[in-house]
Amino acid sequence: MATHRRYGIAGGPGRRGASAHGYQGRAARIGKSGWSGLLACMAMAGALAGSACSSDPDPGGTGGTGGMAASSGSAGGEGATTATGAGGEGAGGDITPVMPEFDPEVFGTFDTSELTVFAFSQVEVNEADPQVLELAPDMVPRAWQRWRDTGIQADDYDAEYLASCRERGIRFVAGSTASIVFEDEVDSEEQFLEQTTRNAAGELVAHDQIVPGAHRSSMASPSYRARLVEMGKLQIDLGVDGLNFDEINGGYGGAEYDGNEGFDDHHVADFGNYLCRRHGGRPDGWQQGFDLLPEDGLDCGGAPETAGRGFDLRGYLQRVNATEKPFDSGNELLVEEWGRTVGNRPDPQLGTFVEVYPALVYWQEVVLALRRYAREQHGREIFISSNGIVPFVDMQSVGLYDWNIDGDGPRGMNWVPVVEGHLDGTVSFQTALRGLKARSKRVQELVGGKEVPLMLFLDWPNDMMNRYYGLPLEERKDYFRIFAAEVYANGLYFALPLHTTTDESTATALEMMEFFARFRDFYKSHEDLVHGATDVTGTVTLSFEECASAEQPEACAGEKKMSHNLVRLADGRTVLHVINHEYSAGVVEQVGVTASFPMDASPTQVTVASIDFEEDRVVPFSYEDGVVTAVIGALPASVAIVAE
């Protein structure tokens, strides 16, 4: 499900009205306190089974945290700092940060080393996509998604499709929306109200722009998290290889994309407890700094697990005239402590409530429960991902859509650049790709997890997907010859679009299947150039035939629209990936190309591989003063220059 950016939160004027039927067909700043004190009550081994930090007893009977379990994290330890307390500059008192501890079982061990070719195909849970069986990619990252009341029972699913994929070695990922709930999908009105979020006035927030009847779920609701876990268990029992949950932090945007959402009783209780754990021990009158009065009910006395849970946040917001447009009021408690978040891009390092709790508390509980279930009941490891960049996953599954925060354009990074209906192959994704990798690494390191791969896919239904659909056939192929190649060159993966539930523009209908088979064969046969690569710094020089007579042969290289990435493989080989962005109604092939790059010793052979070549080519080279110079000759859309 695509989300969009507006005013720094999920949403935007281009928000797809059909967004969920794919739903539809089933269908900051750093606060003045930074990271300080925000995780005094965090999930530890076994803690998620209790309800000491939950906003209320667990109606689902499974237990869990609606807040944070007590942490024994060492204050002032590695990565910890002392920060001035919120409530304004000079509010007085320092806050000693408490770093989190996470249950080690929340981290996965699913083997991703053989995942190279991905295909995005999502069909109704009782359907199959023959294109998937024909192409046989390594993984279908969201083949089924539970939506509304479809996918609640085991017999809702086409078990034969799953079995056929498994027989062909295709890892099959199912999952569920994590942020949308309908009244007709639950057992009662009481349960519906229990599991939906509210605006600052305590009212339900309609999201008919997604589909009529859609509301955002409350991830703070223990019974809603229990439902997510039960859906995951059902799919694990069916035999799926993995689970993907869409929009784990999608419930904070508001009907007008103004942040006026998430103020249900569960979130409010957790927020009060969060404030007490963050500031409760301060002797400096911090509550007055936020204009809090005794009648607002923020009582930080008593046991840590219950402190602050009687906070009347909505009453407070009404009193300070911050109900209708909470963040327009500039209220410091909202800005500094509650905070804002971007859908599919939670950033817990910012330390605000809506950055920390959805990603580190609520989501951790769901992931931990499902990993334990797969291990204990089925003796296997389950693959887990979510749309975007989030912690505790085995792979980042990054949907591409307009109104993102991945680039500097007016609608974010333009992942499908088009000029007057034609592909603009002159741009490069490299800066945005490196930004995604850096963000993922930072989020994973923050929770003590390992770095995980990133897989991109064209999310839908939205303008970006429509731009891809609207390209002429050869330019659709060029999109992958250039941009998917650039993705792989930078150590990420790209899922080939086969099918969505909201349109009939399948890969077969678009005549792309033959090309996709070629793409699959090339990257599977060269997957050793992708896995385990480490970026290498050093000067790379590309020279071209038309510069040969110049005094400086590389002089025109800067004028050429190229991108490159130099990597070292685990076996010691060096690979220079070069992407040709010279484009005019097609790739403008370069001739007489040489490439120079550093190596510690002279290679024994240099080979050039490309999806545009019938076979790999051994090319002449020289070595002098720690630099290899290889004579590439023709440069099509992309090449991988392998020195061994």
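Computed from a predicted structure; not experimentally measured. Along every chain, residues carry numbers that run from 1 in the direction the sequence is written. Two thresholds apply to this predicted model, a pLDDT of at least 70 for residue-level local features and 80 or more for giving and counting side-chain atom pairs, whereas whole-chain, interface and lining totals are computed over all residues. The side-chain values count all of the structure's non-hydrogen atoms but skip hydrogen atoms and water molecules.

Draft legend 1. Seen up close, the pattern of salt bridges. For salt bridges, the criterion is a side-chain nitrogen of Lys or Arg within 4 Å of an Asp or Glu carboxyl oxygen. With the rule as written, the count across this model stands at 35 salt bridges. Asp-265 is the salt-bridge partner of Arg-314, the closest N and O atoms lying 2.7 Å from each other. Of this pair, Arg-314 sits in helix H7 (residues 313–319) while Asp-265 sits in helix H5 (residues 265–279), and the two are 49 residues apart along the sequence. The rule is simple: take the accessible area with a 1.4 Å probe, protein chains only, and divide by the maximum for that residue type; under 20% is buried, over 50% is exposed, in between is partly exposed. Overall, the relative accessible area of 24% leaves Arg-314 in the partly exposed class. Residue class for Asp-265 comes out exposed when judged on its relative accessible area of 53%. Arg-481 is the salt-bridge partner of Asp-478, the closest N and O atoms lying 2.5 Å from each other. Of the two residues, Asp-478 and Arg-481 both sit in helix H12 (residues 473–489), three residues apart, roughly one turn of that helix. For Asp-478, a relative accessible area of 7% puts it in the buried group. Salt bridges here are not isolated pairs; linked through shared partners, they connect Arg-371, Arg-375, Glu-381 and Asp-394. Where helices and strands are cited, they refer to DSSP runs of H or I of at least four residues and of E of at least two residues respectively, numbered from the N terminus.

Draft legend 2. Representation of the pairing of strand E23 (residues 606–609) within the structure. The side-chain alternation of E23 yields two buried faces, one formed by Val-606 and Val-608 and the other by Thr-607 and Ala-609. One requirement defines pairing of two strands: DSSP has to find at least two bridges between them. Strand direction decides the pairing type here: E23 and strand E27 (residues 638–643), joined by four bridges, are antiparallel. Pairing of Thr-607 across the sheet is with Val-642, part of E27. The pairing of E23 with strand E24 (residues 617–618) spans two bridges and is classified as antiparallel.

Draft legend 3. Looking closely at the environment of Asp-138. With respect to the helices, strands and loops of the structure, Asp-138 is situated in the loop between helix H1 (130–135) and strand E7 (139–140). By relative accessible area, Asp-138 is classed as buried at 8%. When the C-alpha atoms of Asp-138 and Phe-172 are compared, they prove to be 8.9 Å apart, with 34 residues separating the residues in sequence. In what follows, a contact means two residues having at least one pair of non-hydrogen atoms within 4.5 Å. Beyond its immediate sequence surroundings of up to four residues, Asp-138 is in contact with Glu-114, Leu-115, Thr-116, Val-117, Gly-169, Ile-170, Arg-171 and Lys-524. Of the polar contacts made by the side chain of Asp-138, one reaches the backbone nitrogen of Thr-116; its length is 2.8 Å. Whenever two N or O atoms come within 3.5 Å, that pair is a polar contact, provided that in protein one can donate a hydrogen and the other can accept it, and provided that, for residues adjacent in sequence, both atoms are side-chain atoms. Of the polar contacts made by the side chain of Asp-138, one reaches the side chain of Lys-524; its length is 3.1 Å.

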